[in-house]
Amino acid sequence: DAGITQSPRYKITETGRQVTLMCHQTWSHSYMFWYRQDLGHGLRLIYYSAAADITDKGEVPDGYVVSRSKTENFPLTLESATRSQTSVYFCASRNQGGNYGYTFGSGTRLTVV
Amino acid sequence: AQSVTQLGSHVSVSEGALVLLRCNYSSSVPPYLFWYVQYPNQGLQLLLKYTTGATLVKGINGFEAEFKKSETSFHLTKPSAHMSDAAEYFCAVSRNSGNTPLVFGKGTRLSVIA
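Conventions adopted
- Residues numbered from 1 in each chain as written.
- Chains lettered and ligands numbered in written order.
- Predicted model: local features only at pLDDT ≥ 70, side-chain atom pairs only at ≥ 80, totals over all residues.
- Heavy atoms only, no water.
- Helix = DSSP H or I, 4+ residues; strand = E, 2+ residues; numbered from the N terminus.
- Rg over C-alpha atoms; globule rule 2.2 N^0.38 Å.
- Buried < 20%, exposed > 50% of the residue type's maximum accessible area, 1.4 Å probe, protein only.
- Contact = heavy atoms within 4.5 Å.
- Areas by Shrake-Rupley, 256 points an atom, 1.4 Å probe, with all protein chains shown as cover.
- Pairing = 2+ DSSP bridges.
- Axes fitted to C-alpha atoms, helices over the stretch in contact; angles between N-to-C directions.
- Disulfide = S-S within 2.5 Å.
- Phe/Tyr/Trp six-rings, centres within 6.5 Å; stacked < 30°, edge-to-face > 60°.
- Lys NZ or Arg CZ within 6 Å of the ring centre and 35° of its normal.
- Buried area = accessible area lost by both parts, 1.4 Å probe.
- Salt bridge = Lys/Arg side-chain N within 4 Å of Asp/Glu carboxyl O.
- Polar contact = N/O pair within 3.5 Å; in protein donor to acceptor, adjacent residues only side chain to side chain.

**Some remarks on the overall build of chain B**
Piece 1. A tally of helices and strands in chain B yields zero helices and 11 strands.
Piece 2. Along chain B, helices (α) and strands (β) appear in the sequence β-β-β-β-β-β-β-β-β-β-β when read from the amino end.
Piece 3. In terms of C-alpha radius of gyration, chain B reaches 14 Å, essentially the compact-globule figure of 13 Å for 114 residues.
Piece 4. Projected onto the principal axes, the alpha-carbon positions of chain B cover approximately 45 × 30 × 20 Å.
Piece 5. A total of 114 residues make up chain B; the buried ones form 46% of that total.
Piece 6. Residue pairs at least 24 apart in sequence account for 58% of intrachain contacts in chain B once pairs closer than 6 positions are excluded.
Piece 7. Taken as a whole, chain B presents about 5,300 Å² of accessible surface, with 52% of it coming from carbon and sulfur.

In structure tokens:
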């Protein structure tokens with residue numbers, strides 16, 4: 001199916017564990033983004049990527065790692081999960097050109113215990 | 001740098017009443033402006049956007065917004081609220097040149113009372 005998919009939809013992990021959130025898009029969009037959504041903070045940018053092998057930090061990158069070896073995939077890894085990383089994570093993509101809106105995935109709800 | 005302020009974290013209206021969600025932006029360069037809607041347990045969906053041209057922008061589900069440069073505002077309106085409009089609404093801004101990421105406001109939760 002065409003679109004942007006995130007997996008898993010829900011994840012519970014323990015403090016200190018590494019966890020990877022997956023994001024896959026089928027449009028070959030140039031840009032991909034990871035945001036986290038927290039009550040009272042709205043959406044905050046973690047990392048983004050302009051193309052394969054090109055990534056850049058957003059507002060809240062600490063504790064996260066990204067890679068983009070293929071245009072369609074943009075995984076987000078929490079190297080050593082902390083409780084403060086409990087959040088809903090959204091992946092988004094758009095094509096080249098800032099006048100395009102983003103298309104969002106359905107989100108991953110991550111709980112760190 | 002761009003920023004967005006959404007006035008009111010929660011707005012409540014009666015069914016059939018006017019919906020007005022406020023958004024003010026800060027940008028040192030001409031902006032692109034967006035409104036997104038998020039229904040419970042879902043991702044964000046684009047409602048409408050202003051990039052260039054007409055300052056009154058119409059979107060999906062009967063919503064519209066007007067870009068007012070002098071007031072640095074991009075308020076979202078709908079003449080008559082429907083129960084299905086209950087959701088979280090986010091205003092977002094980016095530069096109109098280059099490919100900078102969107103900066104989102106903190107969101108406004110809209111409740112519609114029968």
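From this point, things continue past the structure.
**Regarding the sheet that holds strand β7 (residues 64–68) of chain B**
Residues and elements named next belong to chain B.
Piece 1. Pairing is antiparallel in the open sheet, where five strands are placed in the order β1-β3-β8-β7-β6. Sheet topology places β1 (3–7) and β6 (56–58) at the edges, where each strand pairs with a single neighbour. Strand-to-strand, the axes of this sheet are offset by a mean angle of 20°, without reference to chain direction.
Piece 2. In the sheet, β7 pairs with strand β8 (residues 73–78) via five bridges, with the strands oriented antiparallel. Across the sheet, the residue bridging to F67 is F74, located in β8.

**Examining the pairing of β1 of chain B**
All names here are of chain B.
Piece 1. Where burial is concerned, the two faces of β1 differ: the one with V4 and Q6 is buried and the one with S3, T5 and L7 is not.
Piece 2. Alignment of β1 against strand β3 (residues 19–26), held across five bridges, turns out to be antiparallel. Within β3, the position partnered with S3 by the bridge is S26.

**Considerations on the state of the cysteines**
Piece 1. Scanning the entire structure with this criterion turns up two disulfides over all chains.
Piece 2. The partner cysteine of C23 of chain A in its disulfide is C91 of chain A, sulfur to sulfur 1.9 Å. With the S-S bond torsion at -75°, the cross-link from C23 of chain A to C91 of chain A turns out left-handed. Of this pair, C23 of chain A sits in strand β3 (residues 19–25) while C91 of chain A sits in strand β9 (residues 87–94); the two residues are 68 residues apart in sequence, bridging distant segments of the chain. Each member of the pair, C23 of chain A as well as C91 of chain A, is classed as buried.
Piece 3. Two residues, C23 of chain B and C91 of chain B, share a disulfide whose sulfurs are 2.0 Å apart. Its torsion about the S-S bond being -65°, the disulfide of C23 of chain B and C91 of chain B is classed as left-handed.

**Observations concerning the sheet that holds strand β8 (residues 76–78) of chain A**
Residues and elements named next belong to chain A.
Piece 1. In spatial order, the strands read β1-β3-β8-β7; together these four strands make up an open sheet with antiparallel pairing. Strands at the two margins of the open sheet, each flanked by one partner only, are β1 (4–7) and β7 (64–66). With direction set aside, neighbouring strand axes in the sheet form an average angle of 15°.
Piece 2. Taken together, the four bridges between β1 and β3 define a ladder with antiparallel strand orientation. Each bridged residue has a counterpart across the sheet, and for I4 the counterpart in β3 is Q25.

**Describing the packing of aromatic side chains**
Given two aromatic rings, their pairing is described by the distance between the two centres and the angle made by the two planes.
Piece 1. By the definition in use, this model includes 17 aromatic pairs over all chains.
Piece 2. Across the ring face of Y31 of chain A, the terminal group of R94 of chain A is positioned such that the distance to the ring centre comes to 4.5 Å.

**Section: the interface of chain A and chain B**
Piece 1. With 24 residues of chain A in contact, the opposing surface of chain B contributes 21 residues.
Piece 2. Here chain A meets chain B over a buried area of about 1,700 Å², counting both sides, of which 52% is carbon and sulfur.
Piece 3. At the surface where chain A touches chain B, the tally comes to zero salt bridges.
Piece 4. Joining chain A to chain B, the criterion identifies five residue pairs in polar contact (both at pLDDT 80 or more).
Piece 5. Counting only elements with at least two residues in the side of chain A that touches chain B, the list comes to β4 (31–38), β5 (42–51) and β9 of chain A.

None of this, on its own, says anything about what the molecule does.
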